[in-house]
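Spelled out from the first residue to the last, the chains are:
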Amino acid sequence: MATRTSVASGNFSSAATWDTGVPVDGDTFIIASGHTVAVDAGISIPADGYGDSEIRGILQHAASGTSTIRMNGTVRVYSGGTYHMRGDAVLEFKGTTGDAHGLVIQGENAANFIAEGEDGMPSTTLLTGISEGATSLSFADASNFGVGDWIAIFNNTTTQTAEAQATTLRDEGFWIHEISGNTVYFRQYVGPESTVVSGENNIIYVGNGKIFRVGQKVIFGTGANRNIHTITAINYGANELTLDGDVVGVVADLPIYETGTDKIHGVNSKIRKVATVTTLASTDTDTTITVANASKFTAGDEIWIEQRSAVGGTSDRTYNAYGRDSSILTVSSVSGNTIVLTTAIGYNVPAGILVTRLTRRVQVRTVTDSDYGYVQDLDYSSNYNKKRIIKDVYFRRMGISSSSNYRGVWLRSYCSTNSLPITLTEQVPALSRAAWMEGATLRHSGSTLDWSGLMVHSARNQKTRCCFVCNGKDGLGITGNHSGGVYNCISANNDRWCCRVESNYYYWEYAYNYHSRGNSGIARYIPSFNNGNGCHHNIHDAANSYAFYQYNNQIGMHYFKCKFTGYRYGIVTERAFTHAQYCYFEPVPAYSIATLNRTEQAGGSWVQIDQGQLTYATFISVEHNFEFDAISQYTYDSERSWDNNENAWRVYNRNTTNYGVGWFECVYIPANVTFRARQQIKLAPGYSGNYPRFEARDVQSQTGPNQMGNSGGYWSSPFAGGNAVIQFNASAEYEYQTRELTIGPVNFPRYIQVGVHVDSSNASEGYWMKETEIYLDKPYSTPSLSSLNAGPGPRYYTGLGIRNTFDQLITRLGGRLN
């Protein structure tokens with residue numbers, strides 16, 4: 001084994017390029033500063049690979065023809081060096097999981113990784129610019145697109161300097177509704193969907209009018225039956241929508257969707273297909289699928305065919321139900337829009353299932369599935385001299401288990417794409433303060449390391465677009481990023497989180513993404529320093545456990561127009577109050593309330609509020625399942641939804657034996673003030689457990705009052721704690737039963753939690769619960785003290801009254817009056 005150093009620019013396979021001859025198997029090589037070495041098609045691929053090597057000049061693959069570098073060690077890019085992949089470039093790694101073999105760009109100024117492949121899925125451009133609210137797109141060429149395709153639209157041409165790219169959060173994603181020539185009509189990526197029952201003049205009746213809003217634009221029908229209108233009025237009781245124009249054609253039984261762009265898009269914006277959809281159903285033993293448009297799919301391609309929740313039964317949701325790597329199949333041939341596979345599918349594929357292509361011309365891969373490699377671009381933030389472009393690269397079988405540094409594809413650093421040392425062949429904009437990531441695919445090795453997937457960490461302003469990741473630990477990641485974004489990406493079959501969105505700040509965004517079959521949660525969201533545009537228009541389907549996981553958020557993070565389906569255990573909120581707005585939630589059928597007459601909601605944990613009181617972390621869904629008058633709340637082992645007919649909360653519990661499962665509000669009680677609370681509940685039909693208890697307790701009593709054993713008993717000192725409990729009885733089986741609690745004054749202030757709980761695993765059928773009435777006999781010394789109160793949601797103020805008895809109302813303290 002020898003070290004070969006370049007002495008001139010030239011072909012990698014030419015002896016004249018090297019000081020002591022062309023590198024051979026086991027050698028290491030050094031591309032010296034000032035030299036450009038071309039990885040040409042004539043290179044002899046070593047059997048095992050080159051050892052640890054260095055790029056200090058430019059290592060550049062040929063623009064055409066397959067050119068391969070095989071490594072059995074690391075290839076490291078140093079300051080002033082550039083590794084440029086293009087054409088049919090291949091970087092291969094060979095070696096065991098215990099060794100370090102990967103592409104490394106770490107801690108170096110002006111160390112560049114530029115990998116530019118041609119589009120792995122069809123694309124075109126926007127012929128005319130549009131403002132927000134547009135209902136059609138003018139494609140330069142729509143021939144490679146089909147009805148049902150998922151498309152992304154973004155700017156890939158405009159040069160941006162300084163922090164300009166931080167505020168241009170203009171990416172969007174849509175589903176194609178109809179194609180007429182090169183005019184494309186679309187529906188929003190996530191939004192209300194129903195069916196038109198009938199229509200005449202400018203009035204239509206739909207299956208569920210509650211999910212629509214005045215001012216929304218809707219689309220239903222195609223061709224001569226195509227209707228695009230704005231809703232001007234809604235009669236929710238009659239499911240009647242009034243439109244801004246008369247309907248045309250026969251509209252009964254047509255699906256109706258929301259349409260319209262939310263953002264502006266300039267002329268020549270790029271339109272890229274993210275995935276197509278199946279148009280016919282296939283069974284697990286079939287070897288063919290039929291899709292809306294098979295453009296770009298060719299023999300030998302590796303493709304992903306979605307494993308939709310419940311395709312194998314009503315409880316089917318687990319990430320590895322069909323094998324860890326089972327959603328990736330290989331194309332044998334393509335005929336029209338029919339794709340023939342090399343093996344049977346292995347799971348049922350209904351119509352409407354997503355299909356996308358992983359294979360790219362540029363590849364960073366392992367030699368065999370038993371080898372391991374990684375990509376690591378880390379930790380340089382003094383300037384933006386590093387250049388990083390990752391466009392349409394297939395990272396195949398990346399991820400090593402031996403070190404947390406070798407997780408998969410791990411990207412950090414402040415980067416740019418302007419003033420490049422090479423000439424690009426693909427269209428990438430010149431950005432002075434952002435890297436470019438588009439169309440990358442990662443088929444992970446299956447490493448179980450934390451953060452193993454396609455991770456972007458502390459990479460200022462970087463946007464990740466139209467990428468795919470599967471078979472990792474955490475899937476997609478965006479964390480610690482200034483003005484970052486993830487758009488129109490797919491994360492599938494990862495054995496923990498499908499995405500991690502953590503601690504971002506300024507103008508960040510996570511939107512138009514699809515998550516399929518995560519394990520311990522479809523998504524993990526940790527609050528950010530600024531909400532930016534936040535998390536919206538994401539779809540999350542199939543999870544072993546939770547719809548998503550929210551961690552450590554005290555102010556309430558905003559989720560908008562997200563759709564969560566196919567999970568079992570609901571939502572986890574750890575040390576967090578948070579909420580979703582205009583979102584949709586539906587567990588896998590076997591674990592729905594309709595099937596079980598109870599909830600499987602298991603998420604939630606204790607949370608400490610600003611002033612020190614403890615309560616269960618609660619997640620609230622506002623305009624639940626898109627309905628304007630629906631609200632649902634989720635906490636530890638319990639969920640409740642507002643029942644408009646009963647004017648009360650409908651509570652369902654999980655069949656566990658945990659004490660204190662229920663709903664509480666927390667109220668600040670000053671010294672020398674009497675506390676009173678009143679509660680009404682009605683048990684659900686068939687209620688079989690212990691009767692619920694109405695209880696008031698303070699923070700010190702979470703594990704039981706007066707643990708110190710003070711002779712004076714409850715509240716004999718600020719540290720003794722205390723509680724008051726009264727149980728409901730059989731009368732609550734037939735009508736609302738009222739229970740009242742009174743706690744006398746003491747000479748110190750307290751936080752009192754008051755609410756209804758059960759301590760029986762057989763109480764899962766639940767009950768109806770009126771709003772808790774809470775009264776003090778003296779007003780607060782200042783109205784601002786009411787801000788210390790918290791309810792089961794993202795910090796709303798409990799309504800308090802002033803009463804000397806339960807029947808004598810004196811005044812109102814502020815907030816909601818119950």
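The structure under discussion appears in the preceding block.
K.L.:
Any chance you could explain the overall build of the chain here in plain terms?
P.N.:
When its secondary structure is counted, the chain shows 1 helix and 71 strands. Here the C-alpha radius of gyration of the chain, 30 Å, is about what a compact globule of 818 residues would show, namely 28 Å. Classification of the 818 residues of the chain by burial places 61% in the buried group. Summarising the internal contacts of the chain: among those between residues at least 6 apart in sequence, 70% fall at separations of at least 24.

K.L.:
I'm lost on unusual backbone geometry in this one. Help?
P.N.:
Note: most peptide bonds trans; most residues except glycine with negative phi. One non-glycine residue, asparagine 471, lies in positive phi territory at about 70°. Here asparagine 471 shows up in the loop between β40 (468–470) and β41 (475–479). Owing to a relative accessible area of 2%, asparagine 471 belongs among the buried residues under this scheme. Of note, the phi angle at asparagine 625 is positive, near 50°, even though the residue is not glycine.

K.L.:
What am I meant to see in the sheet that holds strand β20 (residues 217–220) here?
P.N.:
Read once around its circumference, the closed barrel built from 6 strands follows the order β18-β19-β22-β21-β20-β23, with strand pairing classed as antiparallel. Averaged over all neighbouring strand pairs, the angle between strand axes comes to 50°, with direction disregarded.

K.L.:
Is there a simple way to think about the state of the cysteines in this case?
P.N.:
A disulfide bridge is the covalent bond that connects two cysteines by way of their sulfur atoms. Per the counting criterion, the structure on display carries 0 disulfides. Left without a disulfide partner, cysteine 499 is nearest to the cysteine sulfur of cysteine 535, which lies 7.2 Å away. Cysteine 562 forms no disulfide, and the closest cysteine sulfur to it belongs to cysteine 583, at a distance of 4.7 Å.

K.L.:
Before we go on, may I ask you to explain the side chain of threonine 242 in this structure?
P.N.:
Secondary-structure assignment places threonine 242 in strand β22 (residues 240–243). Of the residues examined, threonine 242 reaches a relative accessible area of 16% and is grouped as buried. Apart from the residues lying within four places of it in its own chain, the contact partners of threonine 242 are Asn202, Ile203, Thr230, Ile231, Thr232 and Ala233.

K.L.:
Would you take a moment to explain the sheet that holds strand β7 (residues 66–71) for this structure?
P.N.:
Strands in a sheet are paired, the pairing made by backbone hydrogen bonds, and the direction either parallel or antiparallel. Taking strand neighbours across the sheet as the criterion, the 11 strands line up as β7-β10-β30-β33-β37-β40-β43-β46-β49-β52-β55 in an open arrangement whose pairing is parallel. The sheet terminates laterally at β7 and β55 (584–586), the two strands that pair on one side only. Adjacent strand axes in the sheet meet at a mean angle of 10°, parallel and antiparallel pairs treated alike. Where β40 meets strand β43 (residues 490–492), 3 bridges bridge the pair, whose relative direction is parallel. Note that in β43 the partner of valine 469 across the bridge is serine 491.

K.L.:
Explanation requested: the pattern of salt bridges in the structure shown.
P.N.:
Note that side chains of opposite charge can pair when their charged atoms are close. Under the counting rule described, the total for this entry stands at 48 salt bridges. Note that glutamate 773 is salt-bridged to arginine 678, the shortest N-O span being 3.3 Å. Of this pair, glutamate 773 sits in strand β69 (residues 773–776) while arginine 678 sits in strand β63 (residues 675–683), and the two are 95 residues apart along the sequence. Residue glutamate 773 shares its accessibility class with arginine 678, and that shared class is buried. Because the salt bridges share partners, they merge into one network encompassing Asp119, Lys270, Arg272, Arg360, Lys391, Asp392, Glu426 and Glu438.

K.L.:
Please clarify how the pairing of strand β9 (residues 82–85) should be interpreted in this entry.
P.N.:
Consecutive residues of a regular strand have side chains that alternate between opposite faces of the sheet. Residue alternation in β9 divides its side chains into two sets, Thr82 and His84 and Tyr83 and Met85, and both sets are buried. Where strand β6 (residues 58–61) and β9 come together, 3 bridges link them in parallel fashion. Along β9, the bridge assignment pairs isoleucine 58 with threonine 82. Relative to strand β12 (residues 112–116), β9 runs parallel, the two being bridged by 4 bridges. In the sheet register, methionine 85 faces β12, and the bridge partner there is alanine 115.

K.L.:
I'm lost on the pairing of strand β58 (residues 619–622) in this one. Help?
P.N.:
Pairing between strand β54 (residues 578–581) and β58: 4 bridges, direction parallel. From the neighbouring strand, alanine 580 faces β58, where its bridge partner is serine 621. Where β58 meets strand β59 (residues 631–635), 4 bridges bridge the pair, whose relative direction is antiparallel. By the bridge assignment, serine 621 is partnered in β59 with serine 632.

Definitions and cut-offs
- Residues numbered from 1 in each chain as written.
- Predicted model: local features only at pLDDT ≥ 70, side-chain atom pairs only at ≥ 80, totals over all residues.
- Heavy atoms only, no water.
- Helix = DSSP H or I, 4+ residues; strand = E, 2+ residues; numbered from the N terminus.
- Rg over C-alpha atoms; globule rule 2.2 N^0.38 Å.
- Buried < 20%, exposed > 50% of the residue type's maximum accessible area, 1.4 Å probe, protein only.
- Contact = heavy atoms within 4.5 Å.
- Pairing = 2+ DSSP bridges.
- Axes fitted to C-alpha atoms, helices over the stretch in contact; angles between N-to-C directions.
- Disulfide = S-S within 2.5 Å.
- Salt bridge = Lys/Arg side-chain N within 4 Å of Asp/Glu carboxyl O.

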